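Remarks on the overall topology
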Amino acid sequence: MTDITLYHAPDWASTIIRLALEELALPYDLVMLDHDAGDLAAPAYRAVNPLGLVPAMTTPDGPIFETAAILLWLVDRTGSLGPGPGDPDRTAFLSWLFFTSNTLHVTMMQLVHPYRPGGEAVADAVQAQAFEALNLQTGQIESLIANQAPRWLSAAEPGVLGHYIGIILRWAMMIPEDPARRFDLRPFPALAAVLAAHEARPAALRVALADDLGPTPFTDPRF
């Protein structure tokens, strides 16, 4: 038994957390969740995550949920995969982490589940708007990398933000039924280089194998 338990469903947002845990080489236990079997509604899981969503994790400090919150806890607890308190890069890192969580992630969900905001009647319009917005938002990340070269989102070293963005864009490249509205990473070469470096690391390869994500889960996800 370890001090950390990750509640996990492969290729859900908990994969982002698993990537970070593996990169940090932190020991952890894994509890597999089956959405179809009702695991997310089970009282034992709701005691960890009262919202019944994925991911959630128990820690020495208590249970924690929400992807960005868990990633930030890992950065601050370990001093790795992102700038910690007192680092001069901290403010920029926090800004882009929460941009990824509150904007990019939300836009991706609208792209792959366009019926959720208002039903099937507006799904096509929602998806069209989300596809345009996702490309604009990814362009902002591309500009950040190309013009500022932050060390916390680079090909030179791994980081939680690379893991998070990689999984979000993976889904956008795979899930929309209309191929014309599947996200294309090729117009964003600086970001593509960062994600290629992240997915090639031994820790990411272990997670890709365990979760059946294919050999290039961020840059060329398999269908």
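The structure this text deals with has already been given above.
Owing to the predicted nature of the structure, the values given are computational and were not obtained by experimental measurement. (Residues numbered from 1 in each chain as written. Predicted model: local features only at pLDDT ≥ 70, side-chain atom pairs only at ≥ 80, totals over all residues. Heavy atoms only, no water.)

**Some thoughts on the overall build of the protein chain**
Looking only at helices and strands, one finds eight helices and four strands in the protein chain. Listed N to C, the secondary structure of the protein chain is β-α-β-α-β-β-α-α-α-α-α-α in terms of helices and strands. For the protein chain, the share of sequence-separated contacts (at least 6 apart) that also reach a separation of at least 24 residues comes to 61%. If you average the places of the 13 positive and of the 25 negative side-chain charges in the protein chain, the two averages end up 2 Å apart. (Helix = DSSP H or I, 4+ residues; strand = E, 2+ residues; numbered from the N terminus. Contact = heavy atoms within 4.5 Å. Lys, Arg positive; Asp, Glu negative; His and termini not counted. Charge placed at Lys NZ, Arg CZ, Asp CG, Glu CD.)

**Examining the packing of helix α6 (residues 160-174) against helix α7 (residues 189-199)**
Running from amino to carboxyl end, α6 crosses α7 at an angle of 105°, the nearest separation of the two axes being 10 Å. The angle between α6 and α7 places the two elements in the roughly perpendicular class. Each of Gly162, His163, Ile165, Gly166 and Leu169 in α6 lies in contact with α7, whose residues at this interface are Leu191, Leu195 and His198. A per-class count over the contact of α6 with α7 returns four nonpolar, four polar and no charged. (Axes fitted to C-alpha atoms, helices over the stretch in contact; angles between N-to-C directions. Parallel < 35°, antiparallel > 145°, perpendicular 65-115°, else oblique. Nonpolar A, V, L, I, M, F, W, Y, C, P; charged D, E, K, R; others polar.)

**Focus: the nonpolar core**
Formed by 55 residues in total, the largest nonpolar core has its most connected members in Met57, Leu74, Leu153, Leu169 and Leu191. At the level of secondary structure, the elements contributing two or more residues to this core comprise α1 (14-24), α3 (67-78), α4 (90-112), α5 (123-148), α6, α7 and α8 (202-211). Among the elements that take part in this core, α6 stands out by supplying 10 residues, more than any other. Each residue touching leucine 191, except ones within four places of it in the same chain, is listed here: Thr138, Ile141, Glu142, Ile145, Ile165, Leu169 and Leu185. (Core = buried A, V, L, I, M, F, W, Y, C linked by side-chain atoms within 4.5 Å. Buried < 20%, exposed > 50% of the residue type's maximum accessible area, 1.4 Å probe, protein only.)

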